[in-house]
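Secondary and tertiary structure notes
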Amino acid sequence: MKISTSYNSSFPDQVVPDEEKATVEYGLKVSRAIEQEWFSFGGSTSNRFNLNYKTFNMLRLYARGEQPMDKYKNELAVNGDLSYMNIDWTPVPVLTKFSNIVCNGISQKEFDLNAYAQDPESIAKRTRQQEAILYDMTMQQDIAVAAQVFGKDISKSGMDDQQLPDTPEELELFMQLKPKMAIEIAEEEAINTVLDQNKFENIKERVDQDLVNIGIGITKTSFNKSEGLVVDYVDPAKCVWSYTEDPYFSDLYYFGEVKQITLSELKKEFPNISDSDLEKIQSSPINGSNVTGFMNNNRDTVQVLYFEYKTFMNQVFKIKRTDTGLEKAIEKTDEFNPPPNDNFERVSRTIEVLYQGAKIMNTDIMLRWELAENMTRPMADTTKVVMSYAAAAPRMYKGKIQSLISKCIGFADIINLTNLKLQQVLSKMVPDGVYLDVDGLAEVDLGNGTTYNPAEALNMYFQTGSVVGRSLTQEGDMNRGKIPIQELQTGSGSSKIQSLIAAYNYNLQMIRDVTGLNEARDGSQPDANALVGLQKIAANASNTATNHILKASLFLTLRTAEIISLKLTDVIANPLTENSLKNSISALNVNTLRELANSNLYDFGIMLELEPDDEEKAELTNNINTSLQQGGIDIEDAIDIRNIKNIQLANQMLKLKRQKKQQAAQQAQAAQAQAQAQANAQAQEQIAMQEVQKQQALTAEKIAIEKAKADFEIQRMQMEAQMKEMLMAKEFEYNMQLSQGKVQAEQSKLSETEDRKDKRTKMQATQQSEMIQQRQTDGMPKNFESQGNDVMGSFDLSSFEPS
């Protein structure tokens, strides 16, 4: 079959029927086009693949401090001769520290993987729950009244008053922090299980090193029925991809990698390959000769290009109308073109598809060309397809990749060359010596009979540091050698050393300036007088300079998790992989796997929630402690806030808790003021009542006193009346007795007068004269009647005379 190529391209034309795209000839044309873009035959090492491999390999060697020293030897050699140089040619691993700092800083960033169901049904479910909570918030008082009156809970959310949010802001925060749905929990646990089974932590560490050292990181997620979901590390130095200017490779139409495998593995992976093809591959003289990194003389290995090719296909359906008025859809090929008929209709749409291919390098032997069985499609757009590879090169421009190490190679070379020159200067330096003037010694006489020869002078100088000399000769002339021993300073080497050290430090500082990794980040020169806060600010500034690498690493993790999420349907559809997944996750989520079997009904958004770093944790802890000291929150609120890993949500929760506590304090204060006012009113009322009661008691006491006085007065009057009555009775008795005595005396007088009329006539006259005389002298006879004692109050009894 003749396959036509695209205009101005070596790739085959894509506007062809789907049957033609499915042919092996079409796949062979695609693989040849990829080889033409990336490889050149005949042993050339200047092709795109080999240049990439050499560049990436050199960057990795610099990052390890194992770069070749040939360029430095050429700088120091004289006409290529290094026989007179005794130098340690081991390179200075100056870039290793900076690479490890960034890689370890990325690996320390912990994160939680969150799955968010964003399909219409899940969103509607959340909306209904939020509306129910909002209804309960609005009708809270009526719900409480209904519960008291009718004894029935009419709330829609089923939440009690303490759990119910108070404000719309608190409701929004509650919806973000509320417990997840069962399907979301099962999705998260399944993704984490797959990542743990594939040791993704180790894969991520290698990818992070690639992002720092060579500027690009790649992972691959695939599914097979024997192993299930497999996440692999992919070496970017062995990959090929279509031209792109997107740092996250979202517009690729092919991606592949070259692997070197043995013939036995090749036969096991592709059992349909014939023995003649294996003999042809083994005897091929160009096997592995054009691919850098795979050159060897082992005839039992072969280089295979595995690739994925993105194209499109027409999805055609035949719509058949039955006699009953129903419609039936039957899938057809894109060549289906029914004649005009009322009972048939052609419906089609264009979708992206992936073809998987495998080809022996430098041969026309296609090992595989087929439509991918388990294509990953975003739920939001089923016409799109996602490749199994996830790649990121955060500093790529016009297809050229830049890394942290690539920006520092020039300075690292100067540092290594400076180190070699420093060794060279040190090897050529000689120690300081002395100058001995022999003629000056000849004029010196020690005076003890010994000779002052040069050997004795040197011993004396080196042992004591003293020198004996003469300013005048024995003839009395000026002695030009009066100081016979002088020290020689060979200071030219020290100045060179200082210059080389300055150059070394300058280039090291240039590396810090270019990368943004300052002394505060690596802790090499912390200033003892610098404040801790300033050190942290400098370290955070350095983190900002390398933040793009962290984002690329998180992007690859997120994209890998998204691909796993989309491929979980294939895992559930296969009994073996389904049982393996069931044995891996918790028993609580086994039943939820039944919903995962219908995960095509769900659309999950995968998010990475970074744990706060030490600076953010310290700031949040400081805010919590300050709020606790000020009484803005309770200890229970502090525990809940610390459990939130999202700093933004934690601060928002802290803000709402403080506002809620403040409002509660204000309400409590108002209630306390109202209670105090009521208490004061009750106290005033009680005081008034007590005063009334006091007045009543005083009045009653006065009344009682007056009553007692009246009673006493009545009793006194009664007693006085009784006494007066007794007195009057006594007086009356006495008066009666007097009257009787008087009457008796009168009667006795009359009788005596009658009996003795004669005798007493004279005596009576005498007595009467004496009585008259006595009355005149003594007064009238005494009256025994009471005077002034017969008055009872205003009632006078003196008006009554005794009868």
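What you see is a predicted model; the values in this text were computed from it and never measured. (Residues numbered from 1 in each chain as written. Predicted model: local features only at pLDDT ≥ 70, side-chain atom pairs only at ≥ 80, totals over all residues. Heavy atoms only, no water.)

1. Details of the overall build of the protein
A tally of regular secondary structure across the protein gives 25 helices and 17 strands. If you take every contact in the protein between residues at least 6 apart in sequence, the share linking residues at least 24 apart comes to 71%. Working note: accessible area of the protein is about 48,300 Å², and carbon and sulfur atoms make up 51% of it. (Helix = DSSP H or I, 4+ residues; strand = E, 2+ residues; numbered from the N terminus. Contact = heavy atoms within 4.5 Å. Areas by Shrake-Rupley, 256 points an atom, 1.4 Å probe, with all protein chains shown as cover.)

2. As for the side chain of Ser 403
As for its position among the elements, Ser 403 is in the loop between strand S12 (400-401) and helix H13 (409-428). Residue contacts for Ser 403: discarding those within four places in its chain leaves Leu 59, Val 212, Asn 213, Ile 214 and Gly 215.

3. Focus on a nonpolar patch on the surface
The grouping of Val 145, Val 149 and Phe 150 at the surface amounts to a nonpolar patch, some 340 Å² of accessible area in total. Examined against the element boundaries, Val 145 turns out to sit in helix H7 (residues 140-150). Residue Val 145 is classed as partly exposed on the basis of its relative accessible area, which comes to 47%. (Patch = residues over 30% accessible without salt bridge, like charges linked within 9 Å, V, L, I, M, F, W, Y side chains within 5 Å. Salt bridge = Lys/Arg side-chain N within 4 Å of Asp/Glu carboxyl O. Buried < 20%, exposed > 50% of the residue type's maximum accessible area, 1.4 Å probe, protein only.)

4. Observations concerning the nonpolar core
Formed by 98 residues in total, the largest nonpolar core has its most connected members in Ile 34, Val 94, Ile 216, Trp 241 and Phe 255. Of all the elements, helix H19 (residues 547-573) adds the most residues to this core, at ten residues. Ile 281, Tyr 306, Ala 358 and Ile 360 belong to the second largest nonpolar core, which has 14 residues in total. (Core = buried A, V, L, I, M, F, W, Y, C linked by side-chain atoms within 4.5 Å.)

5. Some details on the side chain of Ser 31
Summarising the element assignment, Ser 31 is placed in helix H2 (residues 24-38). A polar contact is formed between the side chain of Ser 31 and the backbone oxygen of Leu 28, at a distance of 2.8 Å. In contact with Ser 31, not counting residues within four places along its chain, are Phe 307, Lys 359 and Met 366. (Polar contact = N/O pair within 3.5 Å; in protein donor to acceptor, adjacent residues only side chain to side chain.)

6. As for the sheet that holds strand S3 (residues 228-234)
Ordered in space as S3-S2-S10, the three strands form an open sheet in which the pairing is antiparallel. Among the strands making up the open sheet, the edge pair consists of S3 and strand S10 (389-392). When strand polarity is set aside, the average angle formed by the axes of neighbouring strands in this sheet is 15°. Relative to S10, strand S2 (residues 217-224) is paired through four bridges, and the arrangement is antiparallel. Within S10, the position partnered with Lys 220 by the bridge is Tyr 389. (Pairing = 2+ DSSP bridges. Axes fitted to C-alpha atoms, helices over the stretch in contact; angles between N-to-C directions.)

7. A short note on the packing of helix H5 (residues 94-107) against helix H10 (residues 200-213)
Relative orientation of the contacting elements H5 and H10 amounts to 140°, with a least axis distance of 9 Å. In terms of axis orientation, H5 runs oblique to H10. Here H5 runs over H10; the crossing is right-handed. Along its contact with H5, which presents Ser 99, Val 102, Cys 103, Ile 106 and Ser 107, the element H10 presents Lys 204, Asp 208, Gln 209, Val 212 and Asn 213. Residues belonging to the contact of H5 with H10 are distributed by class as follows: four nonpolar, four polar and two charged. (Parallel < 35°, antiparallel > 145°, perpendicular 65-115°, else oblique. Left-handed = near helix turned anticlockwise from the far one by under 90°. Nonpolar A, V, L, I, M, F, W, Y, C, P; charged D, E, K, R; others polar.)

8. Structural notes on the pattern of salt bridges
Evaluation of the coordinates by the stated rule reveals 13 salt bridges. For Lys 71, the salt bridge is made with Asp 413, and the minimal N-O distance between the two is 3.2 Å. Residue Lys 71 is located in helix H4 (residues 70-76), and its partner Asp 413 is located in helix H13; the two are separated by 342 residues in the primary sequence. A salt bridge links Glu 269 to Arg 368, with the shortest nitrogen-to-oxygen separation between them at 4.0 Å. A residue pair is termed long-range when its members are at least 10 positions apart, and Glu 269 in helix H11 (residues 263-269) and Arg 368 in strand S9 (residues 366-371) qualify at 99 residues. Judged by relative accessible area, Glu 269 falls into the partly exposed class, the value being 37%. The network of salt bridges with common partners includes Arg 60, Asp 210 and Asp 235.

9. Focus on H13
For H13, with 20 residues, the first-to-last C-alpha span of 29 Å sits near the 28 Å given by 1.5 Å per residue. Those residues of H13 not exposed but buried are Ile 409, Ala 412, Asp 413, Ile 415, Asn 416, Leu 417, Thr 418, Asn 419, Leu 420, Leu 422, Gln 424 and Val 425. (Expected span 1.5 Å × (residues − 1).)

10. Let's talk about the packing of aromatic side chains
This structure, assessed with the given rule, holds 16 aromatic pairs. A centroid spacing of 4.4 Å and a plane angle of 55° characterise the contact between Tyr 248 and Phe 555, whose relative ring orientation is tilted. Placement of Tyr 248 in the loop between strand S4 (239-241) and strand S5 (254-262) and of Phe 555 in helix H19 is noted, with a sequence separation of 307 residues between them. Note on Tyr 248: relative accessible area 29%, which makes it partly exposed. Pairing Tyr 355 with Trp 369 gives two aromatic rings, centres 5.0 Å apart and planes at 5°, and the pair type is stacked. Residue Tyr 355 is found in strand S8 (residues 344-360), and its partner Trp 369 is found in strand S9; the two are separated by 14 residues along the sequence. Taken individually, Tyr 355 and Trp 369 each receive the classification buried, so the pair is uniform in this respect. (Phe/Tyr/Trp six-rings, centres within 6.5 Å; stacked < 30°, edge-to-face > 60°.)

11. So, the environment of Lys 318
Secondary-structure assignment places Lys 318 in strand S6 (residues 301-321). Between the C-alpha atoms of Lys 318 and Phe 336, which are 18 residues apart in sequence, the distance is 8.3 Å. Lys 318 has contacts with Lys 328, Ala 329, Ile 330, Lys 332, Phe 336, Phe 344 and Glu 345, leaving out every residue within four places of it along the chain.

12. Notes on the environment of Leu 28
By the element assignment, Leu 28 lies in helix H2. Between the C-alpha atoms of Leu 28 and Gly 357, which are 329 residues apart in sequence, the distance is 8.7 Å. Apart from residues lying up to four places away in sequence, Leu 28 is in contact with Lys 359, Asp 364 and Met 366.

13. Regarding unusual backbone geometry
Positive phi, close to 50°, is recorded for Lys 199, a residue that is not glycine. With respect to the element layout, Lys 199 can be found in the loop between helix H9 (182-197) and H10. In this model, Lys 398 sits at a positive phi of 55°, which is unusual for a non-glycine residue. With respect to the helices and strands, the residue Lys 398 is situated in the loop between strand S11 (396-397) and S12. We classify Lys 398 as partly exposed; its relative accessible area is 48%.

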